[in-house]
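As a plain string of letters, each chain reads:
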Amino acid sequence: MAKRFDQYCPVAHALSLVGERWALLVVRELLKGPKRYTDLVAGLPGIGTNILATRLRELEAGGVVHKRKLPPPAASTVYELTPYGAGLEEVIHAIARWGARSLGVPRREDDVDHGWGLNAFPALFYPERARGLTETYVIRVDDDAFTVRLVDGRLRTEPGETAETPDLDARMDISTFFGLASGDLPPETALEQGLVGIEGDPAGLARCFHVFSFAPRLVPAAGDEPHAPDAVGAAAPALIRT
């Protein structure tokens, strides 16, 4: 467990559990399911194995992570989130939306996994806006594609093009994706300027990026609209590495 703070505060307590460097990134990886130690090393480029071992011990001590042995034939030891640790999903998604607004577009040398959308779409998902909605979108961003299914407002995201007859099949580059998700680029403008190629209902593009948005989940008081830094103009895949 990280160093405790000398104050009675839930934020301070949370940081004593997951505030050390790499800790929340370990949680990010485990949100995708149980992982072997080697899987975590592969999913966290740049982490030292000694640091990973330390963080796992600290997260176990804090009740965030536990390990178990899979039955034969796998017989591997895996790490997974406890129910308490899984409650960090909402926190990770909120941090991702906030961080993405000033991150900037990925550089050529940046490590962006081709499965980024499996975490990005859940992070962008605005459940209240999806209430009662049943639609399927295939979203192609540069060389990556994801199938996003909404069934009565519930989300499922899959890699690739797995829907035979989606309501919307849209192709765009990463800057356009970010502009749509951030609200800086209206869907109508993206279509008029040829920044998005679609098959299906053009209105589906607006519905899609009404549901998948960086918009604040708490409505601010009048006159208190949050302002993103000047670096907005970025790209969404880096919002969560998968």
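This text follows the structure it describes.
Rules used in this analysis
- Residues numbered from 1 in each chain as written.
- Predicted model: local features only at pLDDT ≥ 70, side-chain atom pairs only at ≥ 80, totals over all residues.
- Heavy atoms only, no water.
- Pairing = 2+ DSSP bridges.
- Helix = DSSP H or I, 4+ residues; strand = E, 2+ residues; numbered from the N terminus.
- Contact = heavy atoms within 4.5 Å.
- Axes fitted to C-alpha atoms, helices over the stretch in contact; angles between N-to-C directions.
- Salt bridge = Lys/Arg side-chain N within 4 Å of Asp/Glu carboxyl O.
- Buried < 20%, exposed > 50% of the residue type's maximum accessible area, 1.4 Å probe, protein only.
- Polar contact = N/O pair within 3.5 Å; in protein donor to acceptor, adjacent residues only side chain to side chain.
- Patch = residues over 30% accessible without salt bridge, like charges linked within 9 Å, V, L, I, M, F, W, Y side chains within 5 Å.
- Areas by Shrake-Rupley, 256 points an atom, 1.4 Å probe, with all protein chains shown as cover.
- Core = buried A, V, L, I, M, F, W, Y, C linked by side-chain atoms within 4.5 Å.

### What to know about the sheet that holds strand β1 (residues 35–36)
Read from one edge of the open sheet, three strands run β1-β3-β2, paired in antiparallel fashion. The strands lining the two open edges of the sheet, one partner per strand, are β1 and β2 (65–69). Where β2 lies against strand β3 (residues 77–81), five bridges are found, and the strand directions are antiparallel. Residue pairing in the sheet places His-66 in a bridge with Glu-80 of β3. Sitting on the sheet, helix α2 (residues 23–30) is in contact with β1, β2 and β3, with an inclination near 100° to β3. Relative to the sheet, helix α4 (residues 49–61) contacts β2 and β3, its axis offset from that of β2 by approximately 105°.

### Concerning the pattern of salt bridges
Under the definition given, this model contains twelve salt bridges. Glu-80 is the partner of Arg-68 in a salt bridge, and the nearest nitrogen-oxygen pair spans 2.6 Å. Taken as a pair, Arg-68 in strand β2 and Glu-80 in strand β3 lie far apart in primary sequence, twelve residues in all. Assessed through its relative accessible area of 34%, Arg-68 is described here as partly exposed. Asp-201 is the salt-bridge partner of Arg-207, the closest N and O atoms lying 3.4 Å from each other. Of the residues examined, Asp-201 reaches a relative accessible area of 34% and is grouped as partly exposed. Through salt bridges with shared partners, a single ionic network connects Glu-20, Arg-55 and Glu-58.

### Regarding the side chain of Ser-182
Mapped onto the elements of the fold, Ser-182 is located in helix α9 (residues 174–182). Since its relative accessible area comes to 12%, Ser-182 is described here as buried. Polar side-chain contacts of Ser-182 include one of 3.2 Å to the side chain of Asp-184. With near-sequence residues (within four places) excluded, Ser-182 lies in contact with Arg-101 and Phe-214.

### Comments concerning the sheet that holds strand β4 (residues 135–141)
One open sheet holds the five strands; their spatial order is β6-β5-β4-β7-β8, and the pairing between them is mixed. The open sheet has two edge strands with one neighbour each: β6 (154–159) and β8 (197–200). Taking each pair of neighbouring strands and ignoring which way they run, the sheet shows an average axis angle of 15°. As paired strands, strand β7 (residues 168–172) and β8 are joined by four bridges and run antiparallel to one another. Bridge pairing in β8 links Ala-170 to Ile-198. Together, β4, β5 (144–151) and β6 form the strand contacts of helix α7 (residues 117–124), whose direction differs from that of β6 by roughly 160°.

### Some thoughts on a nonpolar patch on the surface
A contiguous nonpolar surface patch, about 280 Å² in accessible area, is contributed by Phe-5, Val-11 and Leu-15. Position of Phe-5 relative to the elements: it lies in the segment before α1 (10–18). According to the relative accessible area criterion, Phe-5 is partly exposed, its value standing at 41%.

### Some details on α2
Where burial is concerned, most of α2 is hidden: six out of the eight residues are buried. Inspection of α2 places Ala-23, Val-26, Val-27, Arg-28, Glu-29 and Leu-30 among the buried residues, and these make up the whole buried set.

### A closer look at the nonpolar core
Residues Tyr-137, Ile-139, Met-172, Phe-177, Leu-180, Phe-209 and Phe-212 are the most contacted members of the largest nonpolar core, which totals 31 residues. Contributions of two or more residues to this core are made by α7, β4, β5, β7, α9 and α11 (203–211). Broken down by element, this core gets its largest block of residues, five residues, from α9. Once residues lying within four places of it in the same chain are set aside, the contact partners of Ile-139 are Phe-121, Asp-144, Ala-145, Phe-146, Ala-170, Met-172, Phe-177 and Cys-208. Ranked by size, the runner-up nonpolar core spans 19 residues in total, among them Val-18, Val-26, Leu-40 and Tyr-79.

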